[in-house]
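# Architecture at a glance
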Amino acid sequence: MPTARLISYVKNQVEQGQSGGHDWFTVHDIRSLKGVSSERGLVYSWIQGVDETATSNCQFELSQPTPAEYPTIGQGQIIVEFDPKDKFPCTGIVTSNGEGYLIAPALRLDVGKGREIVLMLLSPPARPHNVSVEKNVLTIPDGEATVTVTTGNGEVRCQGTFPTQSKEAKIILNRNPRLPVYRAGFNETVSRLRGHAQMNVVWKPVARSFEELVLVFDPSSICSSKANSLSFDKIQAHLTGPDPKGAGDKGDYVIGDGIGVSYTIRLLLHRGLGRHSSDKTRLYVT
């Protein structure tokens with residue numbers, strides 16, 4: 001089994017090795033270590049202000065951190081590894097303007113004086129997703145529209161007929177990692193129809209194939225102007241490689257679907273003159 005690719009944004013030397021199918025990491029130049037904790041890591045980015053006043057902000061959090069064991073090797077060197085039972089495929093999204101979130105297993109090293117080093121493991125799915133829904137029918141009052149929602153083979157299918165008087169009908173998927181800055185989550189329009197029409201649309205959770213990757217960074221410097229700091233919009237390039245055609249707005253990039261995110265499928269019917277009706281159901285992706 002090949003070792004994960006390592007990309008480091010810290011001054012400390014980080015070496016990688018493998019034993020018994022486990023990847024381990026030796027972090028050098030640790031003068032004072034207060035402890036190591038592990039759990040689900042979350043990096044999220046948001047834009048504050050508009051136009052000339054707009055600034056990019058990033059935050060790292062570790063949910064319910066658990067103390068992790070670490071052996072020391074000589075002075076100023078420690079070894080850490082990701083427990084295989086805690087590994088899971090990463091999930092997240094990078095929007096076209098650089099906002100979004102990333103959820104993945106993480107190790108946080110408290111190296112004293114308010115400084116931390118984080119190792120975050122980005123893994124692709126090892127198997128297809130399982131999907132299910134809370135209810136199988138979405139309805140608009142007075143029988144104006146009905147959409148049947150079914151699941152199978154790791155996908156969601158929405159089927160229905162819309163009345164002639166409807167201006168527009170949409171099926172909207174919402175991904176919500178319950179961020180303090182984006183409580184409404186992130187919407188994706190799966191289908192859009194105008195007037196009387198038949199809907200038969202299929203949605204599948206995003207499951208990308210990429211080389212396993214470990215990002216090493218200082219959480220206090222992400223999205224900062226400091227040299228050699230991790231910016232949120234670099235994450236896509238680390239997974240896909242640089243864009244050979246250069247820059248350009250390509251829309252939102254879904255890193256992956258799955259753990260740590262609440263999903264909703266919503267039927268939205270526009271009647272014109274600012275009037276609309278909707279119905280929704282929870283969607284479970286594992």
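Quick note: structure is the one above.
Source: prediction; values computed, not measured.

With that settled, the discussion passes to the state of the cysteines. Counted according to the given criterion, the structure contains one disulfide. Across a sulfur-sulfur distance of 1.7 Å, C58 and C223 are joined as a disulfide pair. A residue pair is termed long-range when its members are at least 10 positions apart, and C58 in strand β5 (residues 55-67) and C223 in the loop between β17 (213-217) and α1 (234-240) qualify at 165 residues. With relative accessibility at 15%, the residue C58 sits in the buried group. Using a relative accessible area of 19% as the deciding quantity, one classes C223 as buried. As a non-bridged cysteine, C90 has C58 as the owner of its nearest cysteine sulfur, 16 Å distant. The exposure class of C90 is buried, given its relative accessible area of 4%.

Next up on the list: the sheet that holds strand β3 (residues 22-27). Within the open sheet, the three strands sit side by side as β2-β3-β6. Their pairing is antiparallel. Either end of the sheet is taken by a strand with one partner, and the two such strands are β2 (14-19) and β6 (78-81). Averaged over all pairs of adjacent strands, the angle between their axes in this sheet comes to 30°, without regard to strand direction. Pairing between β3 and β6: four bridges, direction antiparallel. Within β6, the residue paired with T26 across the bridge is I79.

Another aspect to go through is the sheet that holds strand β11 (residues 137-140). The four strands are arranged β11-β12-β13-β16 in an open sheet whose pairing can be described as antiparallel. Each edge of the open sheet is held by one strand with a lone partner, namely β11 and β16 (197-203). For this sheet the average axis-to-axis angle between neighbouring strands, irrespective of direction, equals 15°. In terms of strand pairing, strand β12 (residues 145-152) meets strand β13 (residues 155-162) through seven bridges, oriented antiparallel. Paired with V147 across the bridge in β13 is G160.

Before going further, it helps to spend a moment on the pattern of salt bridges. Pairing is possible between side chains of opposite charge, provided their charged atoms come close. Applying the stated criterion across every chain yields a total of eleven salt bridges. With a shortest N-O distance of 3.7 Å, R157 and E155 are connected by a salt bridge. A salt bridge links R175 to E188, with the shortest nitrogen-to-oxygen separation between them at 2.7 Å. Here E188 lies in strand β15 (residues 186-193) and R175 lies in strand β14 (residues 168-176), a separation of 13 residues in the sequence.

About the criteria used
Residues numbered from 1 in each chain as written. Predicted model: local features only at pLDDT ≥ 70, side-chain atom pairs only at ≥ 80, totals over all residues. Heavy atoms only, no water. Disulfide = S-S within 2.5 Å. Helix = DSSP H or I, 4+ residues; strand = E, 2+ residues; numbered from the N terminus. Buried < 20%, exposed > 50% of the residue type's maximum accessible area, 1.4 Å probe, protein only. Pairing = 2+ DSSP bridges. Axes fitted to C-alpha atoms, helices over the stretch in contact; angles between N-to-C directions. Salt bridge = Lys/Arg side-chain N within 4 Å of Asp/Glu carboxyl O.

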